[in-house]
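# Structural overview for review
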Amino acid sequence: MTSLPQLETTDTQEPDWYRDGVRFRCQGPECGACCSGRMGPGAVWLNRDEMEELAGHLSLPLSELKRRYVRRLEGRYSLKERGNYDCIFYLDGTGCSVYEARPGQCRTYPFWGRVMASRVTWEIEAEKCPGINADQTRIEAGDIRRQLEIDTQRRDRS
Ligand code: SF4
Ligand code: SF4
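Residues numbered from 1 in each chain as written. Chains lettered and ligands numbered in written order. Predicted model: local features only at pLDDT ≥ 70, side-chain atom pairs only at ≥ 80, totals over all residues.

### What to know about the overall build of the protein
When you go through the protein residue by residue, the secondary structure sums to 7 helices and 7 strands. Ordered by position from the N terminus, the helices and strands of the protein form the series α-β-β-α-α-β-β-β-β-α-α-α-β-α. Looking at the protein residue by residue over its 158 residues, the buried ones come to 33%. (Helix = DSSP H or I, 4+ residues; strand = E, 2+ residues; numbered from the N terminus. Buried ≥ 20, exposed ≤ 12 C-beta atoms within 10 Å, placed from the backbone.)

### Notes on the sheet that holds strand β2 (residues 45-46)
The sheet built from 3 strands is open, its strands ordered β2-β4-β3 with antiparallel pairing. The sheet terminates laterally at β2 and β3 (70-73), the two strands that pair on one side only. The pairing of β3 with strand β4 (residues 76-79) spans 4 bridges and is antiparallel. Opposite L73, over in β4, you have R76 as the bridge partner. (Pairing = 2+ DSSP bridges.)

### What to know about the site of ligand 1
Around ligand 1, the structure places C26, Q27, C31, G32, A33, C34, Y109, C129, P130 and G131. Partitioned by chemical class, the residues of the shell around ligand 1 number 7 nonpolar, 3 polar and no charged. (Near = placed C-beta within 6 Å. Nonpolar A, V, L, I, M, F, W, Y, C, P; charged D, E, K, R; others polar.)

### Overview of unusual backbone geometry
Of note, the amide linkage connecting Y109 to P110 takes the cis form, showing an omega dihedral of 5 degrees. Looking at the element boundaries, P110 is found in the loop between α4 (104-108) and α5 (113-116). Although it is not a glycine, E74 sits at a positive phi angle of roughly 50 degrees. With respect to the helices and strands, the residue E74 is situated in the loop between β3 and β4. Residue E74 is classed as exposed on the basis of its C-beta count, with 7 C-beta atoms lying within 10 Å. The backbone of N133 shows a phi angle near 65 degrees, a positive value even though the residue is not glycine. Along the polypeptide, N133 turns up in the loop between α6 (119-126) and β7 (138-139).

### Brief notes about the pairing of β4
As paired strands, β2 and β4 are joined by 2 bridges and run antiparallel to one another. Across the sheet, the residue bridging to L46 is Y77, located in β4. Hairpin connection from β3 to β4: 2 residues lie between these consecutive antiparallel strands, with E74 at a positive phi of about 50 degrees.

### What to know about the site of ligand 2
For ligand 2, the set of nearby residues contains 13 residues, the closest of which are C35, C87, Y90, C96 and C106. Residue composition of the shell around ligand 2, by class: 12 nonpolar, no polar and 1 charged.

### Quick word on the nonpolar core
With 26 residues, the main nonpolar core has V44, L79, C87, F111, M116 and I144 as its most contacted residues. At the level of secondary structure, the elements contributing two or more residues to this core comprise β2, α3 (62-69), α5 and α7 (141-156). (Core = buried A, V, L, I, M, F, W, Y, C linked by C-beta atoms within 7 Å.)

### Brief notes about the packing of helix α2 (residues 48-57) against α3
In the contact formed by α2 and α3, the axes pass within 9 Å of each other and the chain directions differ by 95 degrees. Between α2 and α3, the interaxial angle falls into the category roughly perpendicular. Along the contact surface, α2 presents M51, E52, L54 and A55, while α3 presents L62, L65 and K66. When grouped by side-chain class, the residues that make up the contact of α2 with α3 number 5 nonpolar, no polar and 2 charged. (Axes fitted to C-alpha atoms, helices over the stretch in contact; angles between N-to-C directions. Parallel < 35°, antiparallel > 145°, perpendicular 65-115°, else oblique. Contact = placed C-beta atoms within 7 Å.)

This is the structure we're talking about:
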């Protein structure tokens, strides 16, 4: 896993810079840069609700989900990585094997506080995520704010 985990969220510092929206369109499984280990190790943080959703999706008891797919990291829960730093649920060329139940951190990327802090941090993230500024597909400011709020709420429950 790469950009997903390394992007810890923080409070937005320049909330007005994206008032006209931003250009973003995920390039899909053929990219997978935020799920694979191409850019090194990282973490996908999980709260209890997200672990329970994953356990239900996989028809596993929560204890078994934790044993197979979750690790303790910095006192919190995170998805395990493979030896090459890919997310444990990432399948090369196919993408996320638990897409419907993926954690909020994955759902809200790249609209995290740390990324949306300023135009500069957005452009820095664009070097990792080819969906950023990919074409003219525009995400409106209201949608961005909703994603930021979701990410803050889920982080508070981690
Ligand atoms: S375009 Fe960005 S969000 Fe989509 S898979 Fe690639 S790195 Fe992830
Ligand atoms: S859970 Fe799915 S979307 Fe999230 S990092 Fe892993 S493979 Fe990617």
